Amino acid sequence: MAILKIARMGHPILATKAAQVSDPAAPEIRRLVNDMIETMADANGAGLAAPQVHVPLRVVVFQAPGERSNDLSGEEAFDHTAPLTVLINPEIAVMDPKPEGGWEGCLSVPGLRGWVERPAHIRYRGFGLDGKLIERTARGFHARVVQHECDHLDGRLYPSRMADLSKLVFESEIRHFQAAQ
Ligand code: NI
């Protein structure tokens, strides 16, 4: 395993549409995913997409831990949280287009946070490393992180999803906004 170099905003790889993976169970994909997970953990990120480590393939890893999500129990909590997940060739369907705002950060946009509105309820599918189909519904932070990571596969960074760039701020200044919410 290895910690990979993360591309930063402005590098052309982040604006490139990534290619489908022909064999999700291939050993080189497993190697890539293991390195992505190690890189994400080292950088303390919630998600990472392959283009962020200079590999233009449709592969993302993410987790939606409980402490980042709404405090719910039972089935709804599963919607809001996700274990460490590998998704290859992911697809998203919007279940409820009603937008929900939230602060996002990105390992490719270090030091900043932005307020982004996205559909609050989605369904997604993709393949795991074993080649098996994963299908889930997601809300809250879980829905947000999946949409954010899949945007990377189409060459989009979260600032391009922002409606109000006055809410693109340094992490150290975000407290001014949180007080006002
Ligand atoms: Ni990102």
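Presented here is an overview of the structure given in this document. (Residues numbered from 1 in each chain as written. Predicted model: local features only at pLDDT ≥ 70, side-chain atom pairs only at ≥ 80, totals over all residues. Heavy atoms only, no water.)

## Description of the overall build of the chain
Here is step 1 of the chain: A tally of regular secondary structure across the chain gives four helices and six strands.
Here is step 2 of the chain: Against the globule reference of 16 Å for 181 residues, the chain gives a C-alpha radius of gyration of 16 Å, in line with a compact fold.
Here is step 3 of the chain: Each of the three principal axes of the chain carries a C-alpha extent, and together these read 50 × 40 × 25 Å.
Here is step 4 of the chain: In the chain, which comprises 181 residues, the share counted as buried stands at 45%.
Here is step 5 of the chain: At a minimum sequence separation of 6, the contacts of the chain that also span at least 24 residues come to 68%.
Here is step 6 of the chain: Computing the positive centroid from 20 side-chain charges and the negative centroid from 23, the chain places the two 3 Å apart. (Helix = DSSP H or I, 4+ residues; strand = E, 2+ residues; numbered from the N terminus. Rg over C-alpha atoms; globule rule 2.2 N^0.38 Å. Buried < 20%, exposed > 50% of the residue type's maximum accessible area, 1.4 Å probe, protein only. Contact = heavy atoms within 4.5 Å. Lys, Arg positive; Asp, Glu negative; His and termini not counted. Charge placed at Lys NZ, Arg CZ, Asp CG, Glu CD.)

## A look at the coordination of the nickel ion
Here is step 1 of the chain: Around the nickel ion, the protein supplies C106 (SG), H148 (NE2) and H152 (NE2) as donor atoms, at distances of 2.1 to 2.3 Å.
Here is step 2 of the chain: In primary sequence terms, the donor set of the nickel ion follows C-x41-H-x3-H. In this pair, H148 and H152 are both assigned in helix α3 (residues 140-153), four residues apart and thus about one turn of the helix distant.
Here is step 3 of the chain: Under the relative-accessibility criterion, H148 is labelled buried at 6%. (Donors = N, O, S within 2.8 Å, 3.2 Å for Na, K, Ca; no water.)

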